[in-house]
Amino acid sequence: MNMDKFDIEQEKQEMPFSVPDGYFEDFEAKILAETVGTKQPVSLWKRVQPLLYAAAMIVGVMFITRAAINHTQNNTATNTITTAQNDDNTVSDSVLHQIVLDNMSEEQLVEFILASAE
């Protein structure tokens, strides 16, 4: 199309869509009436649900961490016993005492001593 011969009035087309008369005069009032003041009450479950999920994740991470630490400690104790046995085919009392002390809590150790004293 050549720009010298372009006539906008000739090319003007009518829009195929129309809006009803007065549609936008009270449009804002209609929208506000439908949205303002219509708060839905939030159930107790919906408020507590994220906290429960977070607590479950934390407990899961704690269990996994605990299992990994126990697994590592058990492997260390087994390796120490195996090394001591390989050295002289017997496990010395000092090695066993060290393993017991490393892997027992203070309460377990006290209970063991009291039980063996009786």
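Residues numbered from 1 in each chain as written. Predicted model: local features only at pLDDT ≥ 70, side-chain atom pairs only at ≥ 80, totals over all residues. Heavy atoms only, no water.

(A) The overall build of the protein, seen in detail. Regarding its fold elements, the protein presents five helices and zero strands. Counted from the first residue to the last, the protein has its helices and strands arranged as α-α-α-α-α. Residue burial in the protein is summarised as follows: out of 118 residues, 3% are buried. For the protein, the exposed area adds up to about 11,300 Å²; of that, 60% sits on carbon and sulfur atoms. (Helix = DSSP H or I, 4+ residues; strand = E, 2+ residues; numbered from the N terminus. Buried < 20%, exposed > 50% of the residue type's maximum accessible area, 1.4 Å probe, protein only. Areas by Shrake-Rupley, 256 points an atom, 1.4 Å probe, with all protein chains shown as cover.)

(B) Broad picture of the packing of aromatic side chains. Overall, the coordinates contain three aromatic pairs when judged by the stated rule. Aromatic side chains Tyr23 and Phe27 sit 5.5 Å apart centroid to centroid with 40° between the ring planes, which places their arrangement in the tilted category. For Tyr23, a relative accessible area of 36% gives the class partly exposed. With relative accessibility at 32%, the residue Phe27 sits in the partly exposed group. Pairwise contacts between aromatic rings join Tyr23, Phe24 and Phe27 into one cluster. (Phe/Tyr/Trp six-rings, centres within 6.5 Å; stacked < 30°, edge-to-face > 60°.)

(C) Quick look at a nonpolar patch on the surface. A surface patch of nonpolar side chains, amounting to about 460 Å² of accessible area, comprises Val19, Tyr23, Phe24, Phe27 and Ile31. With respect to the helices and strands, Phe27 occurs in helix α2 (residues 27–35). (Patch = residues over 30% accessible without salt bridge, like charges linked within 9 Å, V, L, I, M, F, W, Y side chains within 5 Å. Salt bridge = Lys/Arg side-chain N within 4 Å of Asp/Glu carboxyl O.)

(D) Helix α5 (residues 106–117), seen in detail. Taking 1.5 Å of rise per residue, twelve residues should cover 16 Å, and α5 covers 17 Å from first to last C-alpha, within 8% of that figure. The buried fraction of α5 amounts to zero of the twelve residues, a small share that puts the element mostly on the outside. (Expected span 1.5 Å × (residues − 1).)

(E) Molecular detail of the confidence of the model for the protein. Taken over all residues, the pLDDT of the protein has a mean of 77, while the share at 70 or more is 71%. Ranking the helices and strands of the protein by mean pLDDT puts α2 first, with 83, and helix α1 (residues 8–11) last, with 68. (pLDDT = per-residue confidence, 0-100.)

(F) Just the side chain of Gln49, in detail. Along the polypeptide, Gln49 turns up in helix α3 (residues 44–88). Among the polar contacts listed, one links the side chain of Gln49 to the side chain of Tyr53, at a separation of 2.8 Å. (Polar contact = N/O pair within 3.5 Å; in protein donor to acceptor, adjacent residues only side chain to side chain.)

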